[in-house]
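Examining the three-dimensional arrangement
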Amino acid sequence: MSETCTAADSDEKSKKRNFLKRLLWIATGMIFTFAVFGVAFGQYSIHRASPRIDGTVQLEGLSASVEVIRDSMGVPHIYADTPEDLMMAQGYVHAQDRFYQMDFWRHISAGTLAEMFGESQVETDAFLRTMGWGGLAEMQYEAASPEIRSLLEAYAAGVNAYLATRSPAELSFEYTVIRLTNRSYTPEPWTPVHSLAWGKVMSWDLGANHEAEIARALALGAVSQERMEQLYPPFPGDRHPYIVGSGDSDATALEAMNFTSKTLQASLRSAAHTIRAINRVTGGGMETGIGSNSWAVSGQHTATGNAMLMNDPHLTAQMPSIWYQVGLYCNTVSDACPYEVAGFSFAGVPGVIIGHNADIAWAFTNVGPDVQDLYIEKINPENPNQYEYKGEWLDMEIRLETIKVAGGEDVLLDVRSTIHGPIISNVYGLLENFDETGVELPETYAVAMRWTGLDDVPSVSGPIFGINVASNFEEFREAALLFHVPAQNMLYADTAGNIGYQMPGNIPIRSRGDGTLPVPGWTGEYEWTGFIPHDELPMSFNPASGYIVTANNAVIDSSYPHLITRDWAYGYRARRVVDLVTSTFGASLDEHATIQLDTYDLNAARILPFLVDAMESDTDADRGDVASAAISELLAWDRQNSAGSAGAAVWNATWRNLLALTFHDELPQDIHPVGGSRWFEVVYHLLDDPTDRYWDDVTTPEVETRDDILVAALDAAIDELAERLGSDVSRWTWGELHRMIFINQSLGKSGIGVIENRFNRGPYPASGSKSVVNAIGWDATLGYDVDWLPSMRMLIDLGDLAQSRAIHTTGQSGHIGNEHYDDMIPLWLAGETTPMLWNRLDIEADAQATLILTP
């Protein structure tokens, strides 16, 4: 069809072009003006948010004066006469340094992110409201003892005392940025419930094993049950250590189910995508192989003759750090005021989470128990608010939630729940189309989640306060067993030379099944019948070995009568730590610090001999100078994943390509291997069968074998590195690929460069890798940039607490213009630590500023 253009049309188009040009110039000028103004105004706003850290400030509600001494790293040491005054002052200094982080976190736990950031967060809020963490925290507060409530209220009063003196722009520079698009936003007062609700978020982050259920079901949609089980091998108890006991691991065969339905597979893929999106907000998602390290060594194995305790919890990389270091000291320690404790806290939560007092020290790593089950509910086709259970239609519980949206209309959400828990399929994308895994699906169905974190159980505040003042193992254990969720490996050492371990938590006992796959909810056959009795949970005290190591490995062997989980980390970090600890008995604290930084790759040590043999058999290969140089670096590599190592770069690129070439052709994209200890173990066993079906690339007419894929992975890695890093292999380094970027959880992902540059720090070249002791992780499906890391490192000398040392990732302050915003980053990257100041004279000698809080 022809089209004519008149002179009038041409003139009109010319006018439009000229108008658009003028508009573009105006817009460019405005952007430049706003940028210049923004920099100048930003500097002013940054300065306005700086807290006062010296002099005297009146705080209504204090019973007596409180002294806050900040040391040269910005760590506050708080001295008070009563526990309530201590907690009130802690709330005040948390708000001074980290209030925006606290505010952002409470919006996560309450599911009110859309109030801050608008429509883009409505879906996230819908899921978070479905979880109902805020309501559960309210129940915990109402059920708390008067003593715990008093401490929580004092903490909240301290936070609010600081808020009362500051406008939003004076609280933190982030509010200046937010108010450019959401001028109505003003932070609300802090409440004790806000402190408790963050415990629910951490429980989600540390107990999200439903991801493994979904992944198994997705795998069953692509491969047979036998081949799916190859992807989830049992814990290798014949090679790697247990925390308590020893022996061979036991694995019960999964029940045969049909998970091939295309609709259900699509639903599960959408669920996996949504879970990852939620985890990006919460900072969670505990894939197998990511976790933490801790070990305690009795005096018989240390240079000082006293016990030592080490800890480095592995969490997501973020800015500012998830941890805030603090010391809490009663001026006179007594039954009325028993606190004398130092260590690491969460901003927004009173007390010390990990650290030591005058008598004991403690450390946490994640157990990772199976405390979540997905139930497929049969829905009444004639009434979507009814579900079948044991042959009867039951009414769902329905809760109406109103999601307020900045700059938009309120969104109403019906949260529906069955006896198993909330229906999550309507907030997990296509889970509402759950037709695709083959669990004898009914005509109409939904998916509900059962999780111990949604039960009415006491908060974590009780056990935290209890541990803070414990003086021996019995008191520690009594407090530790109050941790219902999340379940942590709780390690102990004391000044009397004892070491110990307790696994707490509500671990379900199932009438049928093992929690590894979604199950029918309508039959009543897969119910939880109770929890492992607390007096039967694994523990250890002064083992004959003289050491205890926890690294998310299996807690105990198959002689234990209860199921904790099938999805442990596979013990590669634990194996290496045990080997290093037992080969350096008599080690000093500095030598244990060296163990924390070890990057030896047991996975590479297993695979490389097979790769070398495969290369020697590949006589037809004609590799050029770049490939020859790269192979020479790999063969000379010491198996340490150092930032400056070329061999480590070649190896990790080979490993990434090996995973892709071996598994991408058959597995759905949502469960492509991310790396880590489970995939170490999968490939460990595949290597013994050079013709296993996984080695074959089903997209080619040939039948590939192990050696074909190993050589292809190396060749692909060399090509990748040459393209990314150039042809001079001597200039290749692992740190050039493995970059550490500390990203602000909210504004650091804005997509606006000038804002991101203000809040984020990096990239920095980083040592470490996944499932090595210095577990600075990366996701093989995304690239090599760091995603998880040792969020802090702590080493406690129980013989002389003043010799203890620690570091966390970024700095104490959340204010971008503050010297303590990023002063820990170079120390952390270099593997250095700073003194955990303990004696008052040492604290005063290192004081940067002293603030007196008066009634």
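Residues numbered from 1 in each chain as written. Predicted model: local features only at pLDDT ≥ 70, side-chain atom pairs only at ≥ 80, totals over all residues. Heavy atoms only, no water.

This part is about the overall build of the protein. Summing up its helical and strand segments, the protein has 25 helices and 30 strands in all. Split into buried and exposed, the 855 residues of the protein put 60% on the buried side. Within the protein, contacts between residues separated by at least 24 positions form 73% of all contacts whose residues are at least 6 apart in sequence. Put simply, the protein shows about 32,400 Å² of open surface, and 51% of that area lies on carbon and sulfur atoms. (Helix = DSSP H or I, 4+ residues; strand = E, 2+ residues; numbered from the N terminus. Buried < 20%, exposed > 50% of the residue type's maximum accessible area, 1.4 Å probe, protein only. Contact = heavy atoms within 4.5 Å. Areas by Shrake-Rupley, 256 points an atom, 1.4 Å probe, with all protein chains shown as cover.)

When the pLDDT values of the protein are averaged, the result is 90; 88% of them are 70 or greater. Mean pLDDT across the elements of the protein ranges from a minimum in helix α1 (residues 7-48), with 46, to a maximum in strand β3 (residues 76-80), with 99. Segment residues 1-37 is flagged for pLDDT under 50; beyond a separation of four residues in sequence, or across chains, it makes three contacts in the model. Contacts of residues 428-434 to residues separated by more than four positions or lying in other chains number 35 contacts, the stretch itself having pLDDT below 50. (pLDDT = per-residue confidence, 0-100.)

All right, on to the sheet that holds strand β15 (residues 421-422) then. The antiparallel open sheet is built from three strands, whose spatial order is β13-β14-β15. The open sheet terminates on both sides in strands that have one partner only, identified here as β13 (397-403) and β15. Relative to β15, strand β14 (residues 411-418) is paired through two bridges, and the arrangement is antiparallel. Bridge pairing in β15 places Ser417 opposite Pro422. In the packing of helix α4 (residues 122-131) onto the sheet, the strands contacted are β13, β14 and β15, and the crossing angle to β13 comes to about 145°. (Pairing = 2+ DSSP bridges. Axes fitted to C-alpha atoms, helices over the stretch in contact; angles between N-to-C directions.)

On to helix α16 (residues 589-596), then. All of the buried residues in α16 are Leu589, His592, Ala593, Ile595 and Gln596. Buried residues of α16 fall within an arc of 155° about the axis and therefore sit on the same side. Exposed residues lying more than 90 degrees from the buried face of α16 are Asp590 and Thr594. Summarising the contacts, the buried residues of α16 are in contact with β4 (292-297), β5 (308-316), α15 (572-583) and β27 (792-797). (Arc of directions from axis to C-beta.)

Here we come to the pairing of strand β8 (residues 354-357). The side-chain alternation of β8 yields two buried faces, one formed by Ile354 and His356 and the other by Gly355 and Asn357. Sheet analysis places strand β7 (residues 340-345) next to β8, joined by four bridges and oriented antiparallel. Within β8, the position partnered with Phe344 by the bridge is Ile354. Looking at chain direction, β8 and strand β9 (residues 360-366) are connected through two bridges and run antiparallel. Bridging across to β9, Gly355 finds its partner in Trp362. The loop that links β8 with its antiparallel partner β9 comprises two residues.

In this section: the packing of aromatic side chains. Applying the stated criterion across every chain, the model contains 36 aromatic pairs. Seen from their ring centres, Trp204 and Trp451 are 5.7 Å apart, and the 75° between their planes marks the pair as edge-to-face. Of this pair, Trp204 sits in helix α9 (residues 192-206) while Trp451 sits in strand β16 (residues 445-451); the two residues are 247 residues apart in sequence, bridging distant segments of the chain. Trp451 gets classed as buried once you look at its relative accessible area, which sits at 1%. Grouped by ring-pair contacts, the aromatic residues Phe99, Tyr100, Phe104, Phe117, Tyr175, Tyr185 and Trp190 constitute a single cluster. Lying across the ring of Tyr684, Arg606 places its NZ or CZ 3.8 Å from the centre. (Phe/Tyr/Trp six-rings, centres within 6.5 Å; stacked < 30°, edge-to-face > 60°. Lys NZ or Arg CZ within 6 Å of the ring centre and 35° of its normal.)

Relative to the helices and strands, Gly407 is located in the loop between β13 and β14. Residues Gly407 and Thr181 lie 226 residues apart in sequence; the distance between their C-alpha atoms is 8.5 Å.

This part takes up unusual backbone geometry. That bond from Met319 to Pro320 is cis: its omega, -5°, falls within 30 degrees of zero. Of the consecutive residues Gly762 and Pro763, the connecting peptide bond is found in the cis state with omega at 10°. Topologically, Pro763 is positioned in strand β25 (residues 761-765). Even without being glycine, Arg639 reaches a positive phi, approximately 70°. In this model, Ser771 sits at a positive phi of 60°, which is unusual for a non-glycine residue.

On to α15. Spanning twelve residues, α15 covers 17 Å between terminal C-alpha atoms, matching the ideal 16 Å at 1.5 Å per step. Buried within α15 are the following residues: Tyr572, Arg573, Ala574, Arg576, Val577, Val578, Leu580 and Val581. (Expected span 1.5 Å × (residues − 1).)

Turning to the side chain of Thr112, a few remarks are in order. Residue placement: Thr112 occurs in the loop between α2 (83-110) and α3 (113-117). On the accessibility criterion, Thr112 (11% relative accessible area) is buried. Sequence-distant contacts of Thr112, that is, excluding residues within four places in its chain, are made with His107, Asp125 and Arg129.

Before going further, it helps to examine the pairing of strand β6 (residues 324-330). Within β6, seven of the seven residues are buried, which leaves the element mostly enclosed by the surrounding structure. Every second residue of β6 is oriented toward a common face, with Tyr324, Val326, Leu328 and Cys330 on one face and Gln325, Gly327 and Tyr329 on the other, all of them buried.

Let us now look at the environment of Asn744. Within the secondary structure layout, Asn744 lies in the loop between β24 (739-742) and α23 (753-759). For Asn744, the residues in contact, after removing those within four places along its chain, are Glu174, Met319, Lys749, Phe759 and Asn760.

The geometry of helix α17 (residues 602-617) relative to helix α18 (residues 625-636) is characterised by a closest axis approach of 11 Å and an angle of 145° between their N-to-C directions. Crossing of α17 over α18 shows left-handed handedness. Only Ile631, Leu634 and Leu635 of α18 make contact with α17, whose side of the interface consists of Leu608, Leu611, Val612 and Met615. (Left-handed = near helix turned anticlockwise from the far one by under 90°.)

Right, let's get into the side chain of Gln101. As for its placement among the helices and strands, Gln101 is situated in helix α2. Take Gln101: its relative accessible area is 6%, and that puts it in the buried class. Reaching out from Gln101, the side chain makes a polar contact with the backbone oxygen of Ser321 at a distance of 3.0 Å. Setting aside residues up to four positions removed in sequence, Gln101 forms contacts with Gln318, Pro320, Ser321, Ile322 and Ala347. (Polar contact = N/O pair within 3.5 Å; in protein donor to acceptor, adjacent residues only side chain to side chain.)

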